[in-house]
Amino acid sequence: MFRFVTVRLLQGLLVLLAIYAVTFFLVAATPGSPFSTERAIRPEILAQIEAFYGYDKPVGERFVTSVSNALRGEFGPSAVYANRSVTDIIAESFPVSLKLGSLALGLALALGIPVGIIAAVRQNSWLDYVPMSVSMAGICLPTFVMGPLLALIFGLIFELLPVAGWFGPEYVILPALTLGLYYAAYFARLTRGGMLEMLNQDWVRTARAKGVSESTIVWKHCLKGGLIPAITFLGPALAGIISGSFVVETIFQIPGLGQWFVKGALNRDDFLILGLTVLFAALIVVMNLLVDIVQVALNPRLKYE
Amino acid sequence: MALLEVSDLRTSFYTRGGVVRAVDGVSFTLDKGETLGIVGESGSGKSVTCYSLMKLIPEPPGRIESGTAIFDGQDLLRMSARDLRKVRGNRISMIFQDPMTSLNPYLRISTQLIEALRIHRDIDKKAALNKAIAALEEVGIPGASSRVHQYPHEFSGGMRQRVMIAMALITEPDLLIADEPTTALDVTVQAQILDIIKERQERLGTAVILVTHDLGVVAGTCDKVNVMYGGKLMESGTAEQVFYDPIHPYTRSLQKTIPSLQTKGADLYTIPGLPPDVSKPINGCAFYPRCPYPKVAQPEGERPQLVENGDGHCFADCRFCDSSAPIESVLPKHDAGDVDTAQDIREGEGAA
Amino acid sequence: MSDHSETAVLADEPVPPPIEANEIAAEELEEGSSLWRDAWHRLKRNRLAVSSLFIFIFIALFCVVGPWLSPYDSQTQDLFLGAVGPSADHWFGTDTLGRDLMVRVMEGGRISLLVGLVATLVALLIGVMYGATAGYLGGKVDSAMMRFVDLLYALPFTIFVILLMVAFGRSLWLIFVAIGCIEWLTTARIVRSGVISLKKQEFVEAANSLGFSHMRIIVRHLIPNVLGPVIVVATLTVPAVMLLEAFLSFLGLGIQPPNASWGVLINEGQQNMEIFPWMLIFPAFFFALTLFCLNFLGDGLRDALDPKSAKD
């Protein structure tokens, strides 16, 4: 397993490098530059600025410098937000997003998986229909409807929770709910599907014929296999939660990472875009590795390659 | 007193296409240590009969409509779920058709083997594991002490069926129900598996219900035979009676399909037509449309009841065909190379 | 929801292997079409999917035909009126500029559905061609092409869509292309695995030995046979695309005023939800209902086209 993890991490580094290259050249090929603003700047000053950021050199050379800097953990200055380096921005906002994101993901799992299991075990009863319809509705409502609705209900009508800001533990609840509910719905549906597939297997009949109780059949015989679809979805879910956090951060005014994704792209802040993309991809790579490890642990037919 | 006494068992499935009367009034008895074969084509209700005894019919859509199954003084069909669980895997065990799907791929063989022991016996894990290893050795799995920790996918089909047998017999049950235990297996393994079941049964004194569509298997293995068709018994008696002296036209046709009994080089016989659709009411006789004998009356009314021919040999008394005609003259010749025929050849050889 | 009964009855015998998508290929044309008919029958028995289909058709008609029947125009402002709640004159109420909300919801629906359909078509076109090529060529080309897809999965696409919108201006067509460029990855994977299982079958070898070109084999023989799964993905891609469009609208990068998609209307609505709740309720209701129907329809189609995956 150690070998497996090492190999996968090295592969992951290669993936990151490739993603860095793809992003770099995509951004470079996009018309405009970080410094083209509405304000008229004298050409010689613009040239000076561009030279300062290295934009006077050919693309290839810029790429090499950029990669070697990135390998040392230097993603350069933010081209738009003066005096702030990309590393600063990430260091400041990433912990906020990490807290929000992991809480949302935890909530999604803690809510979605039990609901999915119950729905599968009580298939075609109201314990199946009601949660599954609610979860479908959850999947169909955009976050920016869900967020304000939750804020309205819990913040303004019942005055239970703060609706904006990032000052204490109570501030994280509504945003995490908004972000997590959508994925809870997804996990519930995936878990239900996975569990139903397991419960309809021949070996469940074998277990019944041995006198195994229904609850043992669910926990011991079906849970491992039934969780696999939900586990597989963890990677995409994480990606979605990261990019989806922008909406939530805007609605609840949270100083997280999501806003920078959009600001970076809106302002053509090349360095910021690169830094954030690499961070995003690194998270995905690590998450996929974790997912693969869990899958091997759950499914004896899989082996570490 | 009989170990198991089934009377008037009726099981139906309520589908959109109508009510499927899969088992329609079946009665039989089984003594301690005895082997009963239930023979019939696909859809004859033979497996549903067994699943009904263990209440393993999915409900809905299935429903056990009526009947009793007195096992050691208790009616299996009217037991509470809790009491039934104490019987399942403890006093009655079951082996299924497809060993590839009947073992849980996510659990080690050891876990699955000791499960019934741990539920039904007061035994610690270590002792249970030792028993499991012994059980695997008894069904002829080499290297049992290490293989017991493997997963099902590391075993071949035949080996898995051996595991199933070991698992079913580990609690030394009074009754073993084997639902087509050899159908999904390679011909070369089929005979071995039957031998193992037989050997274990003799050692433990277990009664066995062997479900199969292969009359040849029954002849060599069973004491008694039930022949089922369209959810009803067509004929029952000792293996000798049913096998060598069949009375009902259906049994006679079945007998004709055993390849090893047919003339070498001749075209293999298959019963023409298809099994009846039991979701529609059956008038008179379910076999009538396929019956090779000269038809003497229009089929109507209730399906014929079993009558006894002295010495325990029962058969459905059919009044619509003249079964006294000599069979060779009425059985038509059939083309070989039919899919069904090919399968019969395989199974016939495996059993021989 | 349906086939329990049949499997249970068949418990007696080896259950016949379910028809898989790749087996459709091996059938003759007539049998192939009867498989589609079977799927249609199975779909019809799924009440949820059928009612979803009808509601979806109704919503689509409402949006497409509605504006011609309405006495109001979606652009005409009535600043004296302002935002008023639902009334006999304005069934859905009006927005802050006094525009009739019902017409705006209808026209927003036109745009949202159009974005959903066109972007899905773009995604399918790319995904099907890419996946079919990779699967058909196989070997190193295949693994290189699929590595590339894996790579793209790890990219934060919102960044690129935003970048595209910023760089090239905010046109409707760009939205189609940008979203289509994101959503093709899953289609490509599904088509590839379908093609791989198909190409080993005799009819492809036959076509090969007859000297047909690769292009012809892919387009004429392989793609039609992976149509089933592709239809399912398509049905599920439309709602995903519509959500993405709504997200872009939230960023202010979607459809530009005075035109509006459902996403734009919902965004306007959520900004005014405390004072003028109808501005959120009506567009959000239609949006969610449409997505609801498409998702259920997609689930139903999957169960109908691939009986093996039918869970209930």
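Above this text you will find the structure in question.
In this text, all values refer to a predicted model and were calculated from it rather than measured experimentally.

Right, let's talk about the overall build of chain C for a bit. The helix and strand inventory of chain C stands at 13 helices and zero strands. When the helices and strands of chain C are listed from N to C terminus, the series reads α-α-α-α-α-α-α-α-α-α-α-α-α. Expressed as a percentage of its 312 residues, the buried residues of chain C come to 51%. Long-range pairs, those at least 24 residues apart, make up 73% of the contacts in chain C with a sequence separation of at least 6. For chain C, the accessible surface area stands at approximately 14200 Å², while carbon and sulfur atoms represent 66% of it.

Here the focus is the interface of chain C and chain A. With 35 residues of chain C at the interface, the matching set in chain A holds 45 residues. Between chain C and chain A lies a buried interface of about 3500 Å² when both sides are counted; carbon and sulfur atoms form 81% of it. The interface formed by chain C and chain A contains zero salt bridges. The tally of links between chain C and chain A comes to zero residue pairs in polar contact (both at pLDDT 80 or more). At the level of elements, α7 (157-168), α11 (227-251), α12 (262-271) and α13 (278-305) of chain C are the ones that each hand at least two residues to the side of chain C that touches chain A.

On to unusual backbone geometry. Residue and element names in this part refer to chain A. Despite not being glycine, Gln-253 has its phi angle at roughly 50 degrees, a positive value. Relative to the helices and strands, Gln-253 resides in the loop between α10 (234-252) and α11 (258-266). Using a relative accessible area of 55% as the deciding quantity, one classes Gln-253 as exposed.

Before going further, it helps to spend a moment on α13(C). If you check α13(C), its first and last C-alpha atoms are 40 Å apart, about what 28 residues at 1.5 Å a residue would give, namely 40 Å. Across the 28 residues of α13(C), 23 count as buried, placing the element largely inside the fold.

As a further point, take the sheet that holds strand β2 (residues 18-30) of chain B. All names here are of chain B. Read from one edge of the open sheet, four strands run β2-β1-β4-β5, paired in antiparallel fashion. Edge positions in the sheet fall to β2 and β5 (74-75), since each has one partner strand and no second. One ladder, built from 10 bridges, connects strand β1 (residues 4-15) with β2; its direction is antiparallel. The partner of Tyr-14 across the bridge, within β2, is Val-19. Contacting β1, β2 and β4 (62-71), helix α1 (residues 46-53) crosses the sheet at an angle of about 110 degrees to β1.

Now for the pattern of salt bridges. Applying the stated criterion across every chain, the model contains 16 salt bridges over all chains. A salt bridge links B:Glu115 to A:Lys220; its shortest N-O distance comes to 3.1 Å. Linking B:Glu115 in helix α4 (residues 109-120) with A:Lys220 in helix α9 (residues 214-232), this pair reaches from one chain into another. Two residues, B:Asp75 and B:Arg78, come together in a salt bridge whose shortest N-O distance is 2.6 Å. Given a relative accessible area of 55%, B:Arg78 falls into the exposed group. Several salt bridges share partner residues, and in doing so they unite A:Lys210, A:Lys220 and B:Glu115 into one network.

Residues and elements named next belong to chain C. On the surface, a nonpolar cluster with roughly 750 Å² of combined accessible area is contributed by Phe-54, Ile-57, Leu-61, Val-64, Val-65, Trp-68 and Leu-69. Inspection of the secondary structure assignment puts Phe-54 in helix α4 (residues 47-69). What makes Phe-54 exposed here is its relative accessible area of 56%.

In a packed pair of helices, the relevant descriptors are the angle between the two axes and the axis-to-axis distance. Put simply, α10(A) and α11(C) touch, their axes get as near as 11 Å, and they point 40 degrees apart. Taken together, the axes of α10(A) and α11(C) lie oblique to each other. For the element pair α10(A) and α11(C), the recorded crossing hand is left-handed. Touching A:Ser243, A:Phe246, A:Val247, A:Thr250 and A:Ile251 of α10(A) are C:Phe247, C:Phe250 and C:Leu251, all from α11(C). The class makeup of the residues in the contact of α10(A) with α11(C) is six nonpolar, two polar and no charged.

In terms of nonpolar packing, the biggest core is built from 162 residues, with A:Phe187, C:Leu251 and C:Trp262 touching the most fellow members. At 14 residues, helix α12 (residues 270-298) of chain A tops the list of elements feeding residues into this core. Setting aside chain neighbours within four positions, we find C:Leu251 in contact with A:Phe246, A:Val262 and C:Ile162. Counting 101 residues, the second largest nonpolar core, distinct from the first, contains B:Met164, B:Ala178, B:Ile193 and B:Ile196.

A few words now on helix α5 (residues 126-140) of chain A. In this model α5(A) runs 21 Å from its N-terminal to its C-terminal C-alpha over 15 residues, within 8% of the 21 Å that 1.5 Å per residue would give. The elements touched by buried residues of α5(A) are α4 (86-121), α6 (143-157) and α7 (170-199) of chain A together with α11 and α13 of chain C. The N-terminus of α5(A) is capped by A:Ser125, whose side-chain oxygen sits 3.1 Å from the backbone nitrogen of A:Leu127.

Okay, the sheet that holds strand β8 (residues 207-212) of chain B next. Residues and elements named next belong to chain B. Spatially, the eight strands line up as an open sheet ordered β6-β7-β8-β3-β9-β10-β12-β11, and their pairing is mixed. Single-partner strands in this sheet number two, and they are β6 (92-95) and β11 (306-308). With direction set aside, neighbouring strand axes in the sheet form an average angle of 20 degrees. As defined by bridge partners, β6 adjoins strand β7 (residues 175-179) across four bridges and the pair is classed as parallel. Each residue of the ladder has a partner; that of Ser-93, found in β7, is Leu-176.

Residue and element names in this part refer to chain B. Within the secondary structure layout, Ala-286 lies in the loop between α11 (249-256) and β11. Each C-alpha atom, one on Ala-286 and one on Asp-317, is 12 Å from the other, the two residues being 31 residues apart in sequence. The contacts of Ala-286, once residues within four sequence positions are left out, are Tyr-229, Pro-276 and Arg-303.

About the thresholds
- Within every chain, residues take consecutive numbers counted from 1 along the sequence as written.
- Written order determines the labels here, with chains lettered from A and ligands numbered from 1.
- Totals for whole chains, interfaces and linings use every residue, but because this is a predicted model, local features are given only for residues with pLDDT of at least 70 and side-chain atom pairs only at 80 or more, for both listing and counting.
- Side-chain metrics rest on all non-hydrogen atoms present in the structure, leaving aside hydrogens and water.
- Numbering of helices and strands runs from the N terminus; a helix is a DSSP stretch of H or I covering at least four residues, while a strand is a stretch of E covering at least two.
- Under the scheme applied here, a residue whose accessible area is under 20% of the maximum for its type counts as buried, over 50% as exposed, and between as partly exposed, the area being computed with a 1.4 Å probe on protein chains only.
- Here, residues are in contact when the closest pair of their heavy atoms is within 4.5 Å.
- Values of accessible area rely on a 1.4 Å probe in the Shrake-Rupley scheme; residue burial ignores everything except the protein chains shown.
- Buried area: the accessible surface (1.4 Å probe) lost by two parts on joining, summed over both.
- What counts as a salt bridge is simple: a side-chain nitrogen of Lys or Arg found within 4 Å of a carboxyl oxygen of Asp or Glu.
- Under this definition, polar contacts are N or O atom pairs within 3.5 Å; protein pairs additionally need one hydrogen-donor-capable and one acceptor-capable atom, and for neighbouring residues in sequence, both atoms have to be side-chain atoms.
- A helix is expected to reach a length of 1.5 Å times the quantity of its residues less one.
- Paired strands, as defined in this entry, are two strands with at least two bridges between them according to DSSP.
- Orientation is described by lines fitted to C-alpha atoms, with helices fitted over the stretch in contact, and by angles between N-to-C directions that extend from 0 to 180 degrees.
- Patches were defined on residues exceeding 30% relative accessible area and lacking a salt bridge, with like-charge contacts within 9 Å and nonpolar side-chain contacts (Val, Leu, Ile, Met, Phe, Trp, Tyr) within 5 Å.
- Orientation categories follow fixed angle ranges, with anything under 35 degrees roughly parallel, anything over 145 roughly antiparallel, 65 to 115 roughly perpendicular, and all other angles oblique.
- By convention, the crossing between two helices is left-handed when the near helix turns anticlockwise from the far helix through less than a right angle, and right-handed when the turn is clockwise.
- All residues other than Ala, Val, Leu, Ile, Met, Phe, Trp, Tyr, Cys, Pro, Asp, Glu, Lys and Arg, Gly among them, are scored as polar; the first ten of these are nonpolar and the last four charged.
- Each nonpolar core is a collection of buried residues, namely Ala, Val, Leu, Ile, Met, Phe, Trp, Tyr and Cys, held together in the definition by side-chain atoms within 4.5 Å.

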